[in-house]
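Summary of the model geometry
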Amino acid sequence: PADVVEFSTVKATSLAVGKSITLKAKASRDDREKPVSTGVEYSIVEGEEYATIDAEKGKLVALEEGYVTVRATAVVGTEEAYADVVIKVCVPATKVTLSVKKATMSVDEEIQLEANTLPVHNTDDIFWSSSNEDVAVVDEDGNVVALSEGSAKITVKTGSGKSATCTIKVTP
């Protein structure tokens, strides 16, 4: 029996009301010694009022704004053979831009990047990341701190998959 279930890459953590996505997960053995031929079944363990799911195909249909926890469970597996993913049903951002596209900073300098999303009334989440955290780091509010000489790309990404980037060059 399977003892591990993993979701394939989930391209978005947000889904627009009225839209659908198909989630993919696979079951396996933790030791990976023997292949597993069992499938997975999908269910909503929290937020059933916000979406529906096809138990066999993993197609999630968003009904109204809220958070949905989807569980993929191995058809033949141990009690631990499941994985959860949380999807936010929202009014998605259709575009995101940054207040700054390029910046040159000195070590220990800080700047604030501002993410602008459209439509204005969207309820999407945004996430920040740095391509090189040895050079520059960014917090959840877009505050960038230059740490050492070099280059880094600061990316803001919406839960629905839209993104924008600022290139940071740090000088001594």
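Scope of this entry: the structure provided in the associated data block. Along each chain, the written sequence defines residue order, and numbers are assigned to residues from 1. Only residues with pLDDT of at least 70 get local features here, since the model is predicted, and only at 80 or more are side-chain atom pairs given and counted; chain-wide, interface and lining totals rely on the full set of residues. Working from all heavy atoms in the structure, the side-chain values ignore hydrogens and water.

Before going further, it helps to spend a moment on the overall build of the protein chain. When helices and strands are counted, the protein chain shows 0 helices and 18 strands. In this description the radius of gyration comes from C-alpha coordinates, and the expected globular size is given by 2.2 Å times residues to the power 0.38. The C-alpha atoms of the protein chain give 20 Å as radius of gyration, which overshoots the globular expectation for 172 residues (16 Å, by more than 25%). Every one of the 172 residues in the protein chain was classed for burial, and the buried ones make up 34%. What makes two residues a contact is simply this: any of their non-hydrogen atoms within 4.5 Å. For the protein chain, long-range pairs separated by at least 24 residues make up 57% of all intrachain contacts whose partners lie at least 6 apart in sequence. Accessible area for the protein chain stands at about 9900 Å²; split by element, carbon and sulfur atoms hold 47% of it. Taking the average location of the 18 positive side-chain charges in the protein chain and that of its 28 negative ones, the two points are 11 Å from each other. Numbering of helices and strands runs from the N terminus; a helix is a DSSP stretch of H or I covering at least four residues, while a strand is a stretch of E covering at least two. Partly exposed describes any residue whose relative accessible area lies between the buried limit of under 20% and the exposed limit of over 50%, with all areas from a 1.4 Å probe on protein chains only and scaled to the type maximum. Note on areas: Shrake-Rupley with a 1.4 Å probe; residue coverage comes only from the protein chains shown. Positive charges are assigned to Lys and Arg, negative charges to Asp and Glu, while His and the chain termini are left out of the count. By convention, the point assigned to a charge is CZ for Arg, NZ for Lys, CD for Glu and CG for Asp.

Negative charge collects at one region of the surface, where Glu46, Glu48, Glu49, Glu64 and Glu65 lie side by side. You can see Glu49 is positioned in the loop between strand S5 (40-46) and strand S6 (51-53). What goes into a patch is any residue over 30% in relative accessible area without a salt bridge, connected to like charges within 9 Å or, for nonpolar side chains (Val, Leu, Ile, Met, Phe, Trp, Tyr), within 5 Å. Should a side-chain nitrogen of Lys or Arg be within 4 Å of a carboxyl oxygen of Asp or Glu, the pair is scored as a salt bridge.

A word on the sheet that holds strand S16 (residues 143-146). Strand order in the open sheet formed by 3 strands is S12-S16-S15, with antiparallel pairing between adjacent strands. Strands with a single pairing partner mark the edges of an open sheet, and in this sheet they are strand S12 (110-112) and strand S15 (136-138). Pairwise comparison of adjacent strand axes, ignoring direction, gives a mean angle of 20° for this sheet. Examined bridge by bridge, S15 and S16 share 3 bridges and lie antiparallel to one another. Bridging across to S16, Val137 finds its partner in Val145. Two strands pair if DSSP finds at least two bridges between them. Axes here refer to lines fitted to C-alpha atoms; in helices the fit is confined to the stretch in contact. Angles between the N-to-C directions go from 0 to 180 degrees.

Turning to the nonpolar core, a few remarks are in order. To define a nonpolar core, start from buried Ala, Val, Leu, Ile, Met, Phe, Trp, Tyr and Cys residues and group those joined through side-chain atoms within 4.5 Å. Within the largest apolar cluster, 22 residues are counted, with the highest numbers of intra-cluster contacts made by Val5, Phe7, Ala25, Tyr42, Leu60, Val68 and Val70. Only strand S1 (4-7), strand S4 (25-28), S5, strand S7 (59-62), strand S8 (66-74) and strand S9 (82-90) provide two or more residues apiece to this core. Apart from the residues within four sequence positions on either side, Val5 is in contact with Ala25, Lys26, Ala27, Val40, Ala72, Thr73, Ala74, Ala81, Tyr82 and Ala83. Membership of the second largest hydrophobic core comes to 18 residues, among which are Leu98, Met105, Trp128 and Ala136.

Right, let's talk about the side chain of Ser28 for a bit. Of note, Ser28 is situated in strand S4. Taking the relative accessible area as the measure of exposure, Ser28 reaches 11% and is therefore buried. Once residues lying within four places of it in the same chain are set aside, the contact partners of Ser28 are Ala2, Asp3, Val4 and Val36.

Put simply, Leu118 and Pro119 share a cis peptide bond, and its omega is -5°. Of note, Pro119 is situated in the loop between strand S13 (115-118) and strand S14 (126-130). Not every positive phi belongs to a glycine, and Asp108 is a case in point at roughly 75°. With respect to the helices, strands and loops of the structure, Asp108 is situated in the loop between strand S11 (102-106) and S12.

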